Amino acid sequence: MYRANEDYLKLPGSYLFSTIAKKVSAFQAENPDKKIIRLGIGDVTLPLCPAVIEALHKAVDEQADPATFRGYAPDLGYEFLRHAMAENDFRARGCDIADDEIFISDGAKSDSANIQEIFTKNTKLAVCDPVYPVYVDSNVMAGRCGDYDAETGMWSNVIYMPCTAENGFAPELPSETPDIIYLCFPNNPTGSAITKDQLQVWVDYANKVGAVIIFDAAYEAYISEDNVPHSVFECEGARTCAIELRSFSKNAGFTGLRLGATIIPHDLKVKQDGEEVELHRLWARRHGTKYNGAPYIVQRAGEACYSEAGKAQIKEMVGTYMKNASYILNGLKDAGYQAFGGVNSPYVWLRTPDNMTSWEFFDHLLTKANVVGTPGSGFGPSGEHYFRLTAFGSYENSVEALDRIRAL
Ligand code: MLT
């Protein structure tokens, strides 16, 4: 008789955003006349920009012609896109990244879930708390996190680094030494950012203790302050201790199109059983075995993001969302809420009023204001009594949501 994977059985409940979607659908079914404003999942609402649409059309036409048709994509990504990324996202910022250190994929969510596969099973991970749930859940599925304590909301074999208002939402170096450290800045969910000096401390620490930083840069396009790094590779020494995850979802609106990348420098090596192992080689092996490459048309769309027109149009989209972020942040503050983030990030993080739990506030907001947000405790125990609103809605909906929240 077959058995199901016990590690999967350890996962409590359903994925955070699936739980929220179910609750919202149930409420809408019972209240069909209510206009719900969705500021929960960080999904974009603006259409793809003209430069991207044009590139898609052109690539589709190429697929219709035997002379230009493309089948399987190269498993690590087309050279044209790897080169455009390396030039624009890295070398233009002084980061020493070669084209072949960039692996193109179908998005940062899958890469952030899959990257753990190239580490040995008894790897100890450290995560910010609260944290994007995928980092922990994917390691639970791999049997790495020990046991879940429903009382504390913690896994026995995970190092949690609390990020709260008290420490400015910046993690402190852990007392126990981790093997891999997940960092996401600008942060999902708190919307906070760290300076280059603060990130340098982590890079120095990782090099010292022999840990790898998995740096999720999905929100870098939202950075508005000069001293905030767009890439971990802006820090000295990052080539020997860091992997970076990149997304086209939040900057260019590819949440439905799907495109991302993982950057693994050749200098990231570990001495093991008398051999020097490059993690780059293992990820290339994984990609080759398990993945047939992001679609040609989508990679052409990704390349268009780096054209002059593409860059200008994306900047405008990001600006539109940041106008919402600023409106939500200031509106909440004016209404007496403690609110954070929203300056280098499309997320605003607020403390729940009247000491409500995050889920109590979720229900309150949904039923009384018909506004959907994300309960902070869904991202980890230190997210309790916090709540996240995204700036990815329309400006009109952001204004209306704030009016409704003020009227509560
Ligand atoms: C979020 O809302 O946290 C994000 O949309 C999740 C994701 O990017 O997968």
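Since the structure is predicted, the reported quantities are computational estimates derived from the model, not experimental observations.

A. Representation of the sheet that holds strand S17 (residues 386–390) in the model. Within the open sheet, the four strands sit side by side as S13-S14-S17-S16. Their pairing is antiparallel. The sheet terminates laterally at strand S13 (339–341) and strand S16 (374–375), the two strands that pair on one side only. Two elements, S16 and S17, share two bridges in a ladder whose sense is antiparallel. Across the sheet, residue Pro375 finds its bridge partner in S17, namely Phe387.

B. Here's a closer look at the packing of aromatic side chains. Under the definition given, this model contains 25 aromatic pairs. Ring geometry for Tyr135 versus Tyr182: centroids 4.8 Å apart, planes at 15 degrees, classification stacked. Placement of the pair is Tyr135 in helix H6 (residues 133–141) and Tyr182 in strand S7 (residues 180–184), with a sequence separation of 47 residues. A relative accessible area of 1% places Tyr182 in the buried class. Taking the centre distance of 5.1 Å and the plane angle of 65 degrees together, the rings of Trp359 and Phe362 count as edge-to-face. Of this pair, Trp359 and Phe362 are both found in helix H12 (residues 358–369), three residues apart, which corresponds to roughly one turn of the helix. On the basis of relative accessible area, Trp359 is assigned to the partly exposed category, the value being 26%. Ring-pair connections join several aromatic residues into one group, and the members of that group are Tyr15, Phe17, Phe169, Phe340, Trp349, Phe379 and Tyr386. Residue placement shows Lys323 over the ring face of Tyr395; its charged tip is 4.1 Å from the ring centre. Above the face of the Tyr347 ring, Arg388 is positioned so that its terminal group lies 3.9 Å from the ring centre.

C. Region of interest: helix H3 (residues 50–63). Relative to the 20 Å expected for 14 residues at 1.5 Å per residue, H3 spans 20 Å between its end C-alpha atoms, a close match to the ideal helical length. Within the span of H3, buried status applies to Ala51, Val52, Ala55, Leu56, Ala59 and Glu62. Here the buried residues of H3 occupy an arc of 135 degrees about the axis, which is enough to place them on one side. Residues of H3 that are exposed and point more than 90 degrees away from the buried face comprise Pro50, Glu54, His57 and Asp61. Where H3 is buried, its residues touch helix H10 (296–304) and helix H11 (308–334).

D. Focus on the site of the ligand. Around the ligand, the structure places Phe17, Ile41, Gly42, Lys109, Tyr132, Asn188, Lys250, Tyr347 and Arg388. Within the side chain of Tyr132, one N or O atom sits 2.6 Å away from an oxygen atom of the ligand. At 2.7 Å, a side-chain N or O of Arg388 approaches an oxygen atom of the ligand. Relative to its unbound accessible surface of 270 Å², the ligand loses 86% to contact with the protein. Its residues assigned to classes, the shell around the ligand shows four nonpolar, two polar and three charged. Here the shell around the ligand spans two domains, since at least three of its residues come from each of domain 1 (14–47 + 309–406) and domain 2 (53–307).

E. Looking closely at the domain arrangement of the protein. Split by domain assignment, the protein resolves into domain 1 (14–47 + 309–406) and domain 2 (53–307). Using C-alpha coordinates to define each centre, domain 1 is positioned 25 Å away from domain 2. The partner domain 2 presents 42 residues to the 33 residues of domain 1 that form the contact. Together domain 1 and domain 2 conceal approximately 2800 Å² of surface at their shared face, both sides included; 59% is due to carbon and sulfur atoms. A per-residue breakdown of the area domain 1 buries against domain 2 is headed by Tyr15, Asn344 and Phe379, which together make up 24% of the total. For the pair domain 1 and domain 2, the interface holds one salt bridge. The partner of Glu166 in a salt bridge is Arg351, with the nearest N and O atoms 3.3 Å apart. At the junction of domain 1 and domain 2, the tally comes to 16 residue pairs in polar contact (both at pLDDT 80 or more). Elements represented by at least two residues in the side of domain 1 that touches domain 2 include exactly H11, S13, strand S14 (347–351) and S17. The leading source of residues in the side of domain 1 that touches domain 2 is H11, at eight residues.

The rules behind each value
Residues numbered from 1 in each chain as written. Predicted model: local features only at pLDDT ≥ 70, side-chain atom pairs only at ≥ 80, totals over all residues. Heavy atoms only, no water. Pairing = 2+ DSSP bridges. Helix = DSSP H or I, 4+ residues; strand = E, 2+ residues; numbered from the N terminus. Phe/Tyr/Trp six-rings, centres within 6.5 Å; stacked < 30°, edge-to-face > 60°. Buried < 20%, exposed > 50% of the residue type's maximum accessible area, 1.4 Å probe, protein only. Lys NZ or Arg CZ within 6 Å of the ring centre and 35° of its normal. Expected span 1.5 Å × (residues − 1). Arc of directions from axis to C-beta. Contact = heavy atoms within 4.5 Å. Near = heavy atom within 4 Å. Polar contact = N/O pair within 3.5 Å; in protein donor to acceptor, adjacent residues only side chain to side chain. Areas by Shrake-Rupley, 256 points an atom, 1.4 Å probe, with all protein chains shown as cover. Nonpolar A, V, L, I, M, F, W, Y, C, P; charged D, E, K, R; others polar. Domains from an automatic or database assignment. Buried area = accessible area lost by both parts, 1.4 Å probe. Salt bridge = Lys/Arg side-chain N within 4 Å of Asp/Glu carboxyl O.

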